[in-house]
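Coordinate inspection notes
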2 protein chains.
Amino acid sequence: MDRLIEAIENAQNPSVVGLDPTPALVPPQVVASFADEVRDSVEDPAEIPAAQLAVAYFEFNRAIIDAVADIVPAVKPQIAMYEAIGPAGVDAYTMTCEYAQQQGLYVLGDIKRGDIGSTAAAYAGHLSGVTGSDGEAQPFDPWHEDAVTVNPYLGTDGITPFVDAAAAADKDIFVLVRTSNPSSKELQELDLADGGKLYEHVADLVEGWGSATIGSHGYSRVGAVVGATHPEEGAALRERMPRTFFLVPGYGAQGGTAAGVAGMFDKNGSGAIVNSSRGIIGAWKKTGEYRDDMSAGEALDLVASAARRAASDMRDDLRVNVYR
Amino acid sequence: MDRLIEAIENAQNPSVVGLDPTPALVPPQVVASFADEVRDSVEDPAEIPAAQLAVAYFEFNRAIIDAVADIVPAVKPQIAMYEAIGPAGVDAYTMTCEYAQQQGLYVLGDIKRGDIGSTAAAYAGHLSGVTGSDGEAQPFDPWHEDAVTVNPYLGTDGITPFVDAAAAADKDIFVLVRTSNPSSKELQELDLADGGKLYEHVADLVEGWGSATIGSHGYSRVGAVVGATHPEEGAALRERMPRTFFLVPGYGAQGGTAAGVAGMFDKNGSGAIVNSSRGIIGAWKKTGEYRDDMSAGEALDLVASAARRAASDMRDDLRVNVYR
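Residues numbered from 1 in each chain as written. Chains lettered and ligands numbered in written order. Predicted model: local features only at pLDDT ≥ 70, side-chain atom pairs only at ≥ 80, totals over all residues. Heavy atoms only, no water.

1. Focus: the overall build of chain A
In terms of regular secondary structure, chain A is built from 15 helices and eight strands. Once the C-alpha set of chain A is aligned to its principal axes, its extents read approximately 60 × 50 × 40 Å. The buried share among the 324 residues of chain A stands at 64%. Sequence-distant contacts in chain A: of pairs separated by 6 or more residues, those separated by 24 or more amount to 75%. Surface summary for chain A: the accessible area is close to 11,300 Å², and the carbon and sulfur share equals 49%. (Helix = DSSP H or I, 4+ residues; strand = E, 2+ residues; numbered from the N terminus. Buried < 20%, exposed > 50% of the residue type's maximum accessible area, 1.4 Å probe, protein only. Contact = heavy atoms within 4.5 Å. Areas by Shrake-Rupley, 256 points an atom, 1.4 Å probe, with all protein chains shown as cover.)

Quick look at the structure:
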């Protein structure tokens, strides 16, 4: 986790921008501007809408990355948004990750994978890359992720391959512990016969999974996802998991506040990074400056300037309230 | 679930072939045979091993699909194996799904996705496809899946979008309940304060999630993944979840037997489909007929004939022991 912690220190900003584009979040003239470009590249006209969105998502993300790269330490693309439009979207996802890394950002791939041991080892290719049969020293890295999120429901053998891959490649993982959504309580808050709740049991597993990978800043390579919508539980988890760095989604659009996430940071103001997605990438919609007759370039400029302002506001909010 | 149940009845075979290629499962001359073809298609020579594997995986799968299409009702490609080699692998995955559907097979995408509501809705695009801004009646379907597997850790709001998409597209989902791997017990067997184990609580949720989508054969669109490695628990779950169809992984290579899975079928011999992956797609390795100096075509012929024999043996094993 050292690379992420140092990136946060350099930016003096414990926040990450969620790059989760949807058709509604990309100005329509940006999507429309790629109509001609994609028409020649698809075999079947039915593919055009998806191909157009894929190109538009990448250009949208690029505009945002350029606007925030000197403010934030990291971005978190949510692969679901890209899978929603098929393999063309997956290409836009990897291009986004690669471009963000090129701009010096730590890339947290929000992929929430999880499977039995042998299959988890395949998923861990996200971190380890592909080694050819001649075993060249430098594997090909198609995904360009510095960390990925992982689901704990399969237990240790579904996690170990990711931890091993992370350790070998100087990368990290974040395991779901307490998610930000309303119905997360249905499983995660279940009371166990031995005492405590399911998410607390998962928290203890996560702390253990990371124990062999503690870095120079005191945190392991196995982080935890703890939603900003659970401030008290998050503060208790901070005590319970002293070696586990937190990824905190749910700030902003989902209702989490800087005061609410304060307890998820340690006494040095480290230990967590807070994500905002729609609040930053959709900030252009709330400026009152958008016009239907803007060109695609003008619309992307507005997306970028609004995202920069929102990312800066979030940084300042976190600096005042949690990051000392 | 009606389409799957009818496909099983037509084949008189409740089994599904797991299309989970790995570098070790594809004969090396098949991979080597695509060296020239991919060299011209990549921008960076580092991409060659992954691009070669991607083409080889598709040709390997096609040989197996051709060999088993008249024996089995369904295939289950495991997307992790394809993601392991990056976006080129994802293309091989969708091409495999499309080809299998063209051969009349039901395609069960083993993707184990799961996220908060708004994100789950994006993942549900796997089932619903992409609708263009002009809202044409027939969405573009980039994934070619008839069903997908889903992780329950996020609760109802992470499941509902998949159920809605499945109902709209005449497709299905299978939610992880009791997985086949050794450490599945760490979470799934936890005793709850209110009695019962976590996987039983998940089982009750799954039965409820499907309740509005019961088909003409008595099973809902929300199936459950129940590992063949837990015969007694599986039989108890069969009683507990009368409207839930089971996907049963872990037969063969993982140690599950036909006798062990018998209790997961209902009294009519329906209610479950059993997966085998390595036991079928890797059967060529156990024939004693493979030679290093075979051509790529000869090696694929051996893969196909061995897979057909193994799939036929599995069908007969299940017919004798469970499918009456």
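There's plenty left to go through after this.
2. Observations concerning the sheet that holds strand β7 (residues 246-248) of chain A
Residues and elements named next belong to chain A. In spatial order, the strands read β1-β2-β3-β4-β5-β6-β7-β8; together these eight strands close into a barrel with parallel pairing. Taking the axes of each pair of neighbouring strands and ignoring which way they run, one obtains an average angle of 30° across the sheet. Of the pairings in the sheet, the one linking strand β3 (residues 106-113) to strand β4 (residues 147-150) comprises three bridges and is parallel in character. Across the sheet, residue L108 finds its bridge partner in β4, namely A147. Relative to strand β8 (residues 272-276), helix α15 (residues 296-321) is tilted by about 145°, and along the sheet it contacts β1 (15-19) and β8. (Pairing = 2+ DSSP bridges. Axes fitted to C-alpha atoms, helices over the stretch in contact; angles between N-to-C directions.)

3. Quick look at the packing of aromatic side chains
All names here are of chain A. The full count for this structure, using the stated rule, is 12 aromatic pairs over all chains. Ring centres 6.1 Å apart and planes at 65° place the aromatic pair Y93 and W143 in the edge-to-face group. Taken together, the residues span a long stretch of sequence, with Y93 in helix α6 (residues 87-102) and W143 in the loop between α8 (125-128) and β4 at a distance of 50 residues. Linked through ring pairs, Y57, Y82, Y93 and W143 together constitute an aromatic cluster. The side chain of R178 reaches across the aromatic face of Y199, ending 5.2 Å from its centre. (Phe/Tyr/Trp six-rings, centres within 6.5 Å; stacked < 30°, edge-to-face > 60°. Lys NZ or Arg CZ within 6 Å of the ring centre and 35° of its normal.)

4. Section: the interface of chain B and chain A
Of the residues lining the interface, 65 residues belong to chain B; the matching set on chain A comes to 66 residues. Summing both sides of the interface, chain B and chain A together bury roughly 5,200 Å²; the carbon and sulfur share of this comes to 63%. Among the residues of chain B in contact with chain A, B:F140, B:Y153 and B:L187 are the three that bury the most area, contributing 14% of the side total. Here chain B and chain A share four salt bridges between them. We note a salt bridge from A:R113 to B:E83, for which the minimum N-O separation is 2.9 Å. Our count for the chain B to chain A interface comes out at 33 residue pairs in polar contact (both at pLDDT 80 or more). Among the elements that take part in the side of chain B that touches chain A, helix α11 (residues 198-209) of chain B stands out by supplying six residues, more than any other. (Buried area = accessible area lost by both parts, 1.4 Å probe. Salt bridge = Lys/Arg side-chain N within 4 Å of Asp/Glu carboxyl O. Polar contact = N/O pair within 3.5 Å; in protein donor to acceptor, adjacent residues only side chain to side chain.)

5. Thoughts on the pairing of strand β3 (residues 106-113) of chain B
All names here are of chain B. Counted residue by residue, β3 has eight buried out of eight residues, so it is predominantly covered. Neither face of β3 is open: one carries Y106, L108, D110 and K112, the other V107, G109, I111 and R113, and all of them are buried. Alignment of strand β2 (residues 74-77) against β3, held across two bridges, turns out to be parallel. Bridge assignment links V75 to a residue of β3, and that residue is V107.

6. Quick notes on the pattern of salt bridges
All names here are of chain A. Under the criterion given, the structure shown has 40 salt bridges over all chains. Between D70 and R308 there is a salt bridge whose closest N-O contact spans 2.7 Å. Of this pair, D70 sits in the loop between α4 (48-68) and β2 (74-77) while R308 sits in helix α15, and the two are 238 residues apart along the sequence. Residue classification places D70 among the exposed residues on the basis of a relative accessible area of 57%. Within this structure, R3, D146, D170, D172 and R221 form a network of salt bridges that share partners.

7. Observations regarding the pairing of β2(A)
Residue and element names in this part refer to chain A. Of the two faces of β2, the one carrying A74 and K76 and the one carrying V75 and P77 are both buried. The pairing of β1 with β2 spans four bridges and is parallel. Bridge pairing in β2 links V17 to V75.

8. Notes on the relation of the copies chain B and chain A
When chain B is fitted onto chain A, the two copies agree to an RMSD of 0.0 Å after a turn of 180° and an axial shift of 0.0 Å. Seen this way, the second copy is the image of the first under a two-fold rotation axis. Take the interface residues of chain B: 100% of them recur as interface residues in chain A, which is what a same-surface contact looks like. (Least-squares fit on C-alpha atoms with pLDDT ≥ 70 in both.)

9. Observations concerning the UniProt feature "active site" (unreviewed entry) in chain A
All names here are of chain A. The sites that carry the UniProt feature "active site" (unreviewed entry) are, in the present numbering, K112. By the element assignment, K112 lies in strand β3. Side-chain polar atoms of K112 contact the side chain of D110, separated by 2.9 Å. (UniProt positions renumbered as here; feature names shortened; annotations may be inferred.)

10. Considerations on helix α1 (residues 2-11) of chain B
Note that an α-helix has 3.6 residues per turn; residues three or four places apart therefore point the same way. Those residues of α1(B) not exposed but buried are B:L4, B:I5, B:A7, B:I8 and B:A11. Looking straight down α1(B), one finds that the buried residues subtend no more than 160° of arc, so they occupy a single side. (Arc of directions from axis to C-beta.)

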